[in-house]
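So you can see what is in the structure, the chains are spelled out below.
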Amino acid sequence: MSARELIALGTASQVPTRYRNHNGYLLRWDDHGLLFDPGEGTQRQMIYAGVTTAAITRICVTHFHGDHCLGLAGISQRISLDRVQHEIAVHYPASGQVYFDRLRHASIFHDVAHITPRPIRTAGIIYEDADLTLSTLPLEHGVEAWGYRLEEKAKRTMLPDRLAAAGVRGPMVRRLMTEGSLEIDGRTVRLEDVSLPKPGQVFAFVMDTRLCKNAFELARGADMLVCESTYLHCDADLAHDHGHMTAVEAATIARDAGVRRLVLTHFSQRYTDTEAFVAEARAIHPDSIAARDCDVIPVPRRLEPGAGDMR
């Protein structure tokens with residue numbers, strides 16, 4: 001059975017604490033495993049969370065501040081040590097090529113990993129297959145930083161009673177799905193006559209940025225948004241000065257962009273707990289969660305077509 005869930009490997013910002021490791025997030029999405037922003041200690045956090053390097057199919061780095069990338073050195077070497085056989089693409093800002101190269105070969109090891117660099121130079125789709133797209137947009141931080149959006153392609157749910165009434169059966173169903181219409185006994189049967197639209201699910205990852213237009217665009221209609229909320233509202237000036245957001249701003253994005261579930265993370269060391277973050281966010285967007293290290297947070301289940309929220 002396929003799983004769509006987020007594993008929070010680390011939820012701290014610049015400085016880790018006794019209870020929060022540097023950043024690290026693994027998104028399980030059917031057969032895909034996307035590792036976002038592996039900070040220092042990610043390899044050890046994966047052990048705590050019961051995650052192996054074989055689960056990683058793609059790595060996405062938003063920017064090259066240390067708390068978002070220093071774990072890439074250890075992860076790269078562990079992928080070799082574990083003899084992971086499949087190719088793993090790594091997406092990262094092209095302007096940070098020198099830092100990627102240093103992290104990829106930070107020390108002596110027997111390198112047998114199939115790691116493919118995929119530097120980001122322009123906004124748009126950076127990966128696509130038959131089922132989904134991965135795209136990116138620039139954010140507003142002190143250095144070049146990119147947000148990510150994973151979007152399942154829209155499909156249709158076939159309705160057996162309508163198929164039977166139209167005389168569509170067996171291999172004809174596949175033909176109808178492929179061609180869009182069929183001629184049966186002098187009648188034209190259209191795909192939309194015997195099915196309902198099934199929009200794809202969406203996951204968005206917005207990290208280290210001030211409030212900006214692209215953060216809303218990345219989050220638009222997302223089933224789950226993982227968003228930095230480094231500061232509380234009382235420290236909004238600090239957030240803006242350092243290129244970050246507050247819990248209120250993250251929740252505002254979630255509300256205005258039509259997000260179903262908001263996951264807050266990247267908390268400053270100045271705060272000893274996250275209760276106030278949740279309180280601020282839920283006042284604006286009720287389905288808001290403050291991630292804790294090693295939390296497993298499910299992507300909200302897809303609703304049946306015609307049940308209101310089409311996802």
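In what follows, the structure referred to is the one given above.
Residues numbered from 1 in each chain as written. Predicted model: local features only at pLDDT ≥ 70, side-chain atom pairs only at ≥ 80, totals over all residues. Heavy atoms only, no water.

Draft legend 1. Molecular detail of the packing of aromatic side chains. In this structure the tally under the stated criterion is 9 aromatic pairs. Geometrically, the ring pair formed by Phe 36 and Tyr 148 is edge-to-face, given 5.9 Å between the ring centres and 65° between the ring planes. Of this pair, Phe 36 sits in strand β3 (residues 32–36) while Tyr 148 is found in strand β9 (residues 146–152), placing the two residues 112 residues apart along the sequence. No difference in accessibility class separates Phe 36 from Tyr 148, as the two residues are buried. (Phe/Tyr/Trp six-rings, centres within 6.5 Å; stacked < 30°, edge-to-face > 60°. Helix = DSSP H or I, 4+ residues; strand = E, 2+ residues; numbered from the N terminus. Buried < 20%, exposed > 50% of the residue type's maximum accessible area, 1.4 Å probe, protein only.)

Draft legend 2. Region of the structure containing the environment of Ala 291. Take Ala 291: it is sitting in the loop between β17 (288–290) and β18 (296–298). Of the residues examined, Ala 291 reaches a relative accessible area of 2% and is grouped as buried. When the C-alpha positions of Ala 291 and Glu 280 are compared, they lie 15 Å apart, and in sequence the two are 11 residues distant.

Draft legend 3. Local environment of the side chain of Arg 4. Inspection of the secondary structure assignment puts Arg 4 in strand β1 (residues 4–10). The buried category is assigned to Arg 4, whose relative accessible area is 17%. A distance of 2.8 Å separates a polar atom in the side chain of Arg 4 from a polar atom in the side chain of Gln 201. If sequence neighbours within four positions are ignored, Arg 4 has contacts with Arg 28, Trp 29, Asp 30, Glu 152, Gln 201, Pro 298, Val 299 and Arg 302. (Polar contact = N/O pair within 3.5 Å; in protein donor to acceptor, adjacent residues only side chain to side chain. Contact = heavy atoms within 4.5 Å.)

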